[in-house]
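Reading the structure
For reference, the chains in residue letters:
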Amino acid sequence: MAGLEYVIRRLNWRRTHYGIVRMPGSVVIGALPSLEEAEDDRAHREAEVRARVANPFICGPNHASRSRLPEPIFCDWLRDAGIEPLQAGQKKPVNWVGWWEQARVRFTPQQPAHVWAGLDRVRFFEVITRPEGSVGYAVVRVDWEYNDNWMEPGTEGGTPIKVFRKWEKAEQHRRELEEKKRHDLGYSSAEDSADDRGARYETTRWTEEELWPLGSSPNGLHSEISTTFAYGGTAPFYEIVEVDLPSLHAGVSDE
Amino acid sequence: MTPRTTAYLVVRFSYSTDAWDMRVPALHEDFHYQPFEDTDGGPVQVPEAVFLDRHLAQHDRMLRESAARELLNPFWFSSGYLPDLTTVSERTFREQLAGLGLPAPAESLLQAAGSIDWIAWWDRKSPYWSAEQRAGVWNMLDKVQLFDVIEIELE
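Treat the numbers as computed from the prediction; the structure is a model and nothing was measured. (Residues numbered from 1 in each chain as written. Chains lettered and ligands numbered in written order. Predicted model: local features only at pLDDT ≥ 70, side-chain atom pairs only at ≥ 80, totals over all residues.)

**Describing the sheet that holds strand 2 (residues 20-32) of chain A**
All names here are of chain A. The test is simple: A pair of strands is treated as paired once DSSP finds two or more bridges between them. Strands are runs of DSSP state E lasting at least 2 residues, helices are runs of H or I lasting at least 4, and numbering of each runs from the N terminus. A fitted line through C-alpha atoms represents every axis, and for helices the fit uses only the stretch in contact; the resulting angles, taken between N-to-C directions, go from 0 to 180 degrees. It is the C-beta atoms, placed from the backbone, that decide contacts: two residues are in contact if theirs lie within 7 Å.
Pairing within the open sheet is antiparallel, and its 3 strands lie in the order 2-1-3. Every interior strand has two partners, whereas the edge strands, strand 2 and strand 3 (125-131), have only one. Taken pair by pair, the neighbouring strands of this sheet meet at an average axis angle of 30°, ignoring direction. Where strand 1 (residues 4-15) lies against strand 2, 10 bridges are found, and the strand directions are antiparallel. Across the sheet, residue Leu-11 finds its bridge partner in strand 2, namely Ser-26. Where helix 1 (residues 35-53) meets the sheet, it contacts strand 1, strand 2 and strand 3, and its direction lies at approximately 155° from that of strand 3.

Set out below in structure tokens:
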């Protein structure tokens, strides 16, 4: 019988013009054998991202997307910790982003954590429990689109091709597909693959992982300067995405 | 010999998160228009979970759909343009809202063009509704789908 493992998942926050917004979905960061270790890891990651994001009110376009507490109750929540919120106007919504910038200089060391706690929808990571090995690996074709200047891969995903129980087999299949695609596109030699006179493939989707969730662009709008590229056949045409494999792993032979 | 079988993959549709008015996201389904081959066009998908049984996959899809709905304002899709979100007329939509015990949007939510600002309506009112009422509104918006189940080979 399989034991349990504790999986840390990064939630799907995306950059927009005004800040970031949480979309459905998540990415597996890692799995640990005990809940305590996983929770420690999650808390460490959460603190690191909060420090970079700095202002929790850029997370979501309005109050409802940041907290399950209706706004007046959230204000009471703040007062409970001695924080005086901004009063809402008759017509205009509260400018929480600006309020945080002004109020935080007067916060006690404990008060920022109280504000974050009241914004219970603003979480960047989660821990889930699953049976060990209940995971599969989908080989996905990246859906490149030409934007009149370069090839774009889209924000995430593509076209799922096939699912494997073993990562090694998924990786072997991905490599075979990748080689065939490069051959079909005429990127057969090392010179062809590195040829920077060939098609440009935007790789910002992968190279900005470390800057998640804010990215390198101050307003979420990528210019040609802040965009990264691969040339010719060095671009990825397929990738592997981890998927849940609930109840399939038990009793199924791999060989 | 590695067994190969047909399985059922729960996929999430990819949505881009533009915010043209700098205020709220405008969610648009990502679509692959320029396939290298004839067969690979269509909606951009993110694989989530795989099942051997189609019914189990459909059940999982519904669970994921419900959880995802709790994160989003359904009117962020297509900028809240009602005909893009539901197959019923606005009049029927309002009648269905009343059936859920939800009053019609106030006059103050009328925009210059005469249409209702459904995005603001959801933001202001839905935190006070029950989970069933929020789910009821989502169900009425039957053109918005976040997940699907597709057949796939499993090895």
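From this point, the discussion proceeds with the structure in view.
**Here's the deal with the environment of Arg134(B)**
Residues and elements named next belong to chain B. Basically, it comes down to this: Here a residue counts as buried when 20 or more other C-beta atoms fall within 10 Å of its C-beta, as exposed when 12 or fewer do, and as partly exposed in between; the C-beta atoms come from the backbone.
For Arg-134, the location among the structural elements is in helix 5 (residues 131-140). You can call Arg-134 partly exposed: it has 19 C-beta atoms within 10 Å. Residues Arg-134 and Trp-122, spaced 12 residues apart in sequence, show a C-alpha to C-alpha distance of 9.1 Å. The contact partners of Arg-134, leaving out residues within four places of it in the chain, are Ser-126 and Trp-129.

**Notes on unusual backbone geometry**
The linkage connecting Trp212(A) with the following residue, Pro213(A), adopts the cis geometry, with an omega of 5°. Its identity as a non-glycine residue notwithstanding, Asp148(A) has a phi of 80°, on the positive side. Relative to the elements of secondary structure, Asp148(A) occurs in the loop between strand 5 (145-146) and strand 6 (151-152). Backbone geometry places Ser78(B), a non-glycine residue, at a positive phi of 50°. Residue placement: Ser78(B) occurs in the loop between helix 1 (54-69) and helix 2 (82-85). Residue Ser78(B) is classed as partly exposed on the basis of its 17 C-beta neighbours within 10 Å.

Limitation: the analysis is restricted to geometry and does not speak to function.
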